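Summary of structural features
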Amino acid sequence: EPEVTQTPSHQVTQMGQEVILRCVPISNHLYFYWYRQILGQKVEFLVSFYNNEISEKSEIFDDQFSVERPDGSNFTLKIRSTKLEDSAMYFCASSEGGNEQFFGPGTRLTVL
Amino acid sequence: GEDVEQSLFLSVREGDSSVINCTYTDSSSTYLYWYKQEPGAGLQLLTYIFSNMDMKQDQRLTVLLNKKDKHLSLRIADTQTGDSAIYFCAVQSGNFNKFYFGSGTKLNVKP
C-alpha cells in the first residue's frame, strides 16, 4: 500500500542552524501539507501546497519557514534559523483531492 | 479559526465499548475525521464522516455526528489492548486545505 515517507526520523540541531525536513508524498497525490505537534500539544497546521505554490499557511508559518517541491517526488520544509520552540514532531501529509489526508510517520526535531 | 476539543484520557476494560467525544465550533465543516496515533508513530486515518451524514459504521468503529450540537463521537466496540493509543478528532474547514485537530484522547485499555 502506498504511504508517505519522511526523513530523517529524528533531527538534532543547534539553535540558529538551518534544517531541511524531507517528505516523499504518495505518488499520484496533488496536495501536500506540513503539520507540527509540540510534545503533549495539538497537531497544528503549518502550510498546504498545491500546483507548485502555497495555497494556505498558518500564523506559525512565518518568514523562517519555507516549502519546496524540488523535483517530482520530494516535498521539503526548511526552517532557516531554528529556535528552541521549533522543537516538535513535524508531520507531512498528502492527499489526492484535498480531503482525505495521509500522514507520514513524522520527523522529531530537537533544537538545543 | 476552528476550535476542536476532546477530553484527554479514557480508560476502559478489554471487551468493553469505548466512546471518545469531540466538539467543534465551525458549522461549515465538511469532513470530520478520526486518526489514531500509536507511540512513536504517525497519524493513521481510522475513519471519516461527511457532514451530511449522522452515522457511519465500519466494523468495530461507529462514528456519530450531531451537527446541531457540533458533536462528533467515535465508538469502539469490543475494545482490545491493541486499541490503546491517542485518538485525534480532526475537522476540515470549508476551505479544503486546512485541518484542525483536537488535542487527542489517550485511550488506555486494561486487560
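For the structure, see preceding data.
Every chain is numbered on its own, with residues counted from 1 as its sequence reads. Lettering for chains starts from A, numbering for ligands starts from 1, and both go in the order in which the items are written. Given that this is a predicted model, residues contribute local features only at a pLDDT of at least 70 and side-chain atom pairs are listed and counted only at 80 or more, while totals for whole chains, interfaces and linings are drawn from all residues. With hydrogens and water stripped out, all remaining heavy atoms of the structure feed into the side-chain values.

1. Focus: the overall build of chain B
What counts is decided by this rule: Per the convention used, a helix needs a DSSP run of H or I reaching at least four residues, while a strand needs a run of E reaching at least two, with both numbered from the N terminus. The size measure is the radius of gyration over C-alpha atoms, and the globule rule it meets is 2.2 Å times the number of residues to the 0.38 power. For the exposure calls, accessible area comes from a 1.4 Å probe over protein chains only, and a residue counts as buried if that area is under 20% of its type's maximum, exposed if over 50%, partly exposed in between. Here, two residues are considered to be in contact whenever any of their heavy atoms come within 4.5 Å of each other. Surface accessibility in these figures is a Shrake-Rupley result with a 1.4 Å probe; residues are shielded only by whichever protein chains are displayed. His is not counted, nor are the chain ends, whereas Lys and Arg count as positive and Asp and Glu as negative. Every charge is mapped to an atom, namely NZ of Lys, CZ of Arg, CG of Asp or CD of Glu.
On a plain count of helices and strands, chain B comes out with zero helices and eleven strands. Helices and strands appear in chain B in the N-to-C order β-β-β-β-β-β-β-β-β-β-β. Relative to the 2.2 N^0.38 estimate, which gives 13 Å for 111 residues, the radius of gyration of chain B is 13 Å and therefore close to what a compact globule would have. Expressed as a percentage of the 111 residues in chain B, the buried residues total 46%. A separation threshold of at least 6 residues defines the contact pool for chain B, and within that pool the share at least 24 residues apart is 55%. Carbon and sulfur atoms make up 49% of the accessible area of chain B, which amounts to about 5,300 Å² in all. Distance between charge centroids for chain B: 1 Å, based on 11 positive and 12 negative side chains.

2. A look at unusual backbone geometry
Looking along the chain, the bond that leaves Thr7 of chain A and enters Pro8 of chain A is cis, with omega of -10 degrees. Relative to the elements of secondary structure, Pro8 of chain A occurs in the loop between strand 1 (5-7) and strand 2 (10-13). Its identity is not glycine, yet Asn52 of chain A carries a phi of approximately 65 degrees, on the positive side. Positive phi outside glycine occurs at Gln59 of chain B, with the angle close to 55 degrees.

3. A word on the interface of chain A and chain B
Our working rule: Definition used for salt bridges: Asp or Glu carboxyl oxygen within 4 Å of a side-chain nitrogen of Lys or Arg. Counted as a polar contact is a pair of N or O atoms within 3.5 Å, where, for protein atoms, one must be capable of donating a hydrogen and the other of accepting one, and residues adjacent in sequence contribute only when both atoms are in side chains. The residue classification treats Ala, Val, Leu, Ile, Met, Phe, Trp, Tyr, Cys and Pro as nonpolar and Asp, Glu, Lys and Arg as charged. All others, Gly included, are polar.
Between chain A and chain B, the contact holds 19 residues from the first and 22 residues from the second. Counting the contacts that link chain A with chain B gives two salt bridges. Of the charged contacts in the structure, one is a salt bridge between Asp3 of chain B and Lys42 of chain A, with a shortest N-O distance of 3.7 Å. Our count for the contact surface shared by chain A and chain B stands at three residue pairs in polar contact (both at pLDDT 80 or more). At the level of secondary structure, the elements contributing two or more residues to the side of chain A that touches chain B comprise strand 4 (31-37), strand 5 (43-50) and strand 6 (53-57) of chain A. Tallying contributions element by element places strand 4 of chain A first for the side of chain A that touches chain B, with four residues. Tallied by class, the residues present in the side of chain A that touches chain B amount to eight nonpolar, eight polar and three charged.

4. A few points about the nonpolar core
Let me state the cut-off plainly: Buried Ala, Val, Leu, Ile, Met, Phe, Trp, Tyr and Cys residues that are joined via side-chain atoms within 4.5 Å together make up what is termed a nonpolar core.
The biggest cluster of nonpolar side chains holds 23 residues, and the ones touching the most others in it are Trp34, Leu46, Phe61, Val67, Phe75, Leu77 and Tyr90 of chain A. Breaking this core down by element, the ones donating at least two residues are strand 3 (19-24), strand 4, strand 5, strand 7 (65-68), strand 8 (75-79), strand 9 (88-95) and strand 11 (107-111) of chain A. Beyond its immediate stretch of four places on either side in the chain, Leu77 of chain A contacts Val19, Ile20, Leu21, Trp34, Leu46, Phe61, Phe65, Ser66, Val67 and Tyr90 of chain A. Counting 21 residues, the second-largest nonpolar core is a separate cluster that includes Leu32, Leu65, Tyr87 and Cys89 of chain B.

5. Considering the sheet that holds strand 7 of chain A
Residues and elements named next belong to chain A. Stated precisely, the cut-off is as follows: The rule for pairing is simple: two strands pair if DSSP sees at least two bridges between them. To define axes, lines are fitted to C-alpha atoms, for helices over the stretch in contact only, and angles between the resulting N-to-C directions are given on a 0 to 180 degree scale.
Strand order in this open sheet of four strands is 1-3-8-7, and the pairing throughout is antiparallel. Edge positions in the open sheet fall to strand 1 and strand 7, since each of these has one partner strand only. Each strand of the sheet is rotated relative to its neighbour by a mean of 20 degrees, with strand direction disregarded. In this structure, strand 1 lies alongside strand 3, joined through three bridges in antiparallel fashion.

6. Some points on the pairing of strand 3 (residues 18-24) of chain B
Residue and element names in this part refer to chain B. Only one face of strand 3 is covered, namely the face carrying Ser18, Ile20, Cys22 and Tyr24; the face carrying Val19, Asn21 and Thr23 is uncovered. Pairing of strand 1 (residues 4-6) with strand 3, which is carried by three bridges, proceeds in the antiparallel orientation. The partner of Val4 across the bridge, within strand 3, is Tyr24. By the bridge criterion, six bridges tie strand 3 to strand 8 (residues 71-76) in an arrangement that is antiparallel. Following the sheet pairing, Val19 is matched in strand 8 by Arg75.

7. Description of the state of the cysteines
Filter applied, for reference: The criterion for a disulfide is a pair of cysteine sulfur atoms lying within 2.5 Å.
The full count for this structure, using the stated rule, is two disulfides over all chains. Shown here is the disulfide that connects Cys23 of chain A with Cys92 of chain A, its sulfur atoms set 1.9 Å apart. Across the S-S bond linking Cys23 of chain A and Cys92 of chain A, the dihedral sits near -60 degrees, which makes this disulfide left-handed. In this pair, Cys23 of chain A sits in strand 3 while Cys92 of chain A sits in strand 9, placing the two residues 69 residues apart along the sequence. When its relative accessible area of 0% is taken as the criterion, Cys23 of chain A is described as buried. With a sulfur-sulfur separation of 2.0 Å, Cys22 of chain B is cross-linked through a disulfide to Cys89 of chain B. In this structure, the disulfide formed by Cys22 of chain B and Cys89 of chain B twists by about -60 degrees around the S-S bond and is classed as left-handed. Note that Cys22 of chain B is positioned in strand 3 and Cys89 of chain B in strand 9 (residues 85-92), a separation of 67 residues in sequence. Given a relative accessible area of 0%, Cys89 of chain B falls into the buried group.

Purely spatial values, then, with no claim about function.
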